[in-house]
Amino acid sequence: MPTTRTRKGITGLGVSGAALLMVVTAACSGSPDSTPQSSPTTALAASHAPSRPTTSAAARPTAPSTTAPAATATTTPRPTVPATTAPPVTSTTAAPSSGGAFPTASSTGVTAGTSLVNWTGSMSSSAVPGSTEVVDGITYKVINGYSFNLATNDQYFSINDANVIIRNSRFTKAAVDSGQALVRTSNGARSLIIERSEFEAAFNRGVQSDTADITIRASRFHNTGEAAVEKNDRSAASSLTVTDSYMTNDKGWPSGQHVDGIQIGGAKNVTITHNTILNQPYGGTNGNTGYVSNSALGLWAELGNVSGSVTVDGNLLAGGGYVIYVEQKSPYSWQGPVRITNNTFDTRYSSTAGVWGPLYPRGLPSNLTWSGNSFSDGRAISQSSAINDF
């Protein structure tokens, strides 16, 4: 019999994505969640124009490393078995935030000492055995303690149950830039919660869900290229929450990619709090400035409205042409309050945190609150200086 767990207050929030800047042009096309599994992911695309000069700065010794440590979880092969339904576990309390210091590679991902089962069956949530858990009155299927190796170019893990929790699991893909995310929600999915999991992506998207709510906690994403997490909800009805997670991109992504940490193109509510998001500013080898990453946070009302509130608070951010885009493009707009507060813009790559600065200056929402933001060397960043001084 399963144990009883109590958790509460899981609310997904939504985000928008596309990338632009003075010398970076963006073209976008989002893909609905009903895309068949065999179809490639279509999402916001951008091309990079020649870059402006940047001021480099030495890496700060106290900031988190961008190199993930060797995994401490072990993988145990086990024959696949049919999915089963266990009695639900009732949850009424939210998982605690780690708070304090920024997330690192060692504080996120699969819990140390966890033994993972290597899954060799169908890459879909309905095929994997799991328990059930009730969160805020909603019954979720729980997939806990698995390793999923997506071996072929067009393969991804499909969330084809209505409500799913993925916990203490690892997703890997070897094919570089295959055009598929590692995890995608199907048309029938309504809510996806990911906790304490890892995505080693070979410059493929990590998680993509356009019409289901997404909540991600304490998870690690490495080399996810276009986006660690992407949502393009044209109906502006689903939400995105990302907290206590660690996202990094090394050099070496294909030059055609626009590289973001989190990307939205339309959503309802968006909450991004207490994460570390570090993208190398240039994709080429050392000294090659021919193509740049796009952003740490690429937030757009571009494929649809962002109908609810947006909160970006207490994150450590670095990289991209501009570190943050928060842009609306006619006929779409930010319809609720947008708050960017108490974030640290890390200067390990540049004295301005991004190639050109902290904040893209065009298309900003009229209801933007910008306060408490600073560089990692202690310099305060007003909204005016963020868009005018770099």
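Scroll up to find the structure.
Report on the accompanying structure.

Calculation notes
- Residues numbered from 1 in each chain as written.
- Predicted model: local features only at pLDDT ≥ 70, side-chain atom pairs only at ≥ 80, totals over all residues.
- Heavy atoms only, no water.
- Phe/Tyr/Trp six-rings, centres within 6.5 Å; stacked < 30°, edge-to-face > 60°.
- Lys NZ or Arg CZ within 6 Å of the ring centre and 35° of its normal.
- Core = buried A, V, L, I, M, F, W, Y, C linked by side-chain atoms within 4.5 Å.
- Buried < 20%, exposed > 50% of the residue type's maximum accessible area, 1.4 Å probe, protein only.
- Contact = heavy atoms within 4.5 Å.
- Helix = DSSP H or I, 4+ residues; strand = E, 2+ residues; numbered from the N terminus.
- Pairing = 2+ DSSP bridges.
- Polar contact = N/O pair within 3.5 Å; in protein donor to acceptor, adjacent residues only side chain to side chain.

### Notes on the packing of aromatic side chains
At step 1: Overall, the coordinates contain 14 aromatic pairs when judged by the stated rule.
At step 2: Counting every residue linked through ring pairs, the aromatic cluster contains Trp119, Tyr146, Phe148, Phe157, Phe171, Phe199 and Phe221.
At step 3: Of note, Arg184 hangs over the ring of Tyr156, and the distance from its end group to the ring centre comes to 4.5 Å.

### Looking at the nonpolar core
At step 1: Counting residues in each nonpolar core, the largest one holds 58 residues, and the members touching the most others are Phe148, Phe157, Leu297, Ile324, Trp334 and Phe345.
At step 2: Residues within four places of Ile324 in sequence aside, it is in contact with Leu297, Leu317, Ile340, Phe345, Pro358, Leu359 and Tyr360.
At step 3: Counting residues in each nonpolar core, the second largest holds 8 residues, with Trp300, Tyr322, Trp356 and Tyr360 among its members.

### Re the pairing of strand S19 (residues 240-243)
The side chains of a regular strand alternate, residue by residue, between the two faces of the sheet.
At step 1: On S19, burial covers both faces: Leu240 and Val242 on one face and Thr241 and Thr243 on the other are all buried.
At step 2: Note that strand S16 (residues 213-217) and S19 share 4 bridges and pair parallel. Within S19, the position partnered with Ile214 by the bridge is Leu240.
At step 3: Here S19 pairs with strand S22 (residues 270-273) via 4 bridges, running parallel.

### A few points about the sheet that holds strand S30 (residues 357-359)
At step 1: What the 8 strands build is an open sheet, ordered S9-S12-S15-S18-S21-S24-S27-S30; its pairing is parallel. On the outer flanks of this sheet lie strand S9 (157-159) and S30, each paired with one strand and no other.
At step 2: As judged from the 2 bridges shared by strand S27 (residues 322-328) and S30, these two strands associate in the parallel manner. When the bridges of S30 are listed, Tyr322 appears paired with Gly357.

### Comments concerning the side chain of Gln280
At step 1: Tracing the backbone through its elements, the reader meets Gln280 in the loop between strand S23 (276-279) and strand S24 (297-301).
At step 2: With residues near it in sequence (within four places) discarded, Gln280 still touches Asn249, Asp250, Lys251, Trp253, Ser293 and Tyr349.

### Quick notes on the pairing of strand S20 (residues 246-249)
At step 1: Where burial is concerned, the two faces of S20 agree: the one with Tyr246 and Thr248 and the one with Met247 and Asn249 are both buried.
At step 2: When strand S17 (residues 220-222) meets S20, the two strands line up parallel, connected through 3 bridges. Among the inter-strand pairings, His222 is bridged to a residue of S20, identified as Thr248.
At step 3: Sheet topology places S20 next to S23; 4 bridges connect them, and they run parallel. From the neighbouring strand, Asn249 faces S23, where its bridge partner is Asn279.

### Things to note about the environment of Thr152
At step 1: With respect to the helices and strands, Thr152 occurs in the loop between strand S8 (146-150) and S9.
At step 2: For Thr152, a relative accessible area of 39% puts it in the partly exposed group.
At step 3: There is a polar contact of 3.2 Å between the side chain of Thr152 and the side chain of Asp154.

Treat this as a map of the structure, not an account of what it does.
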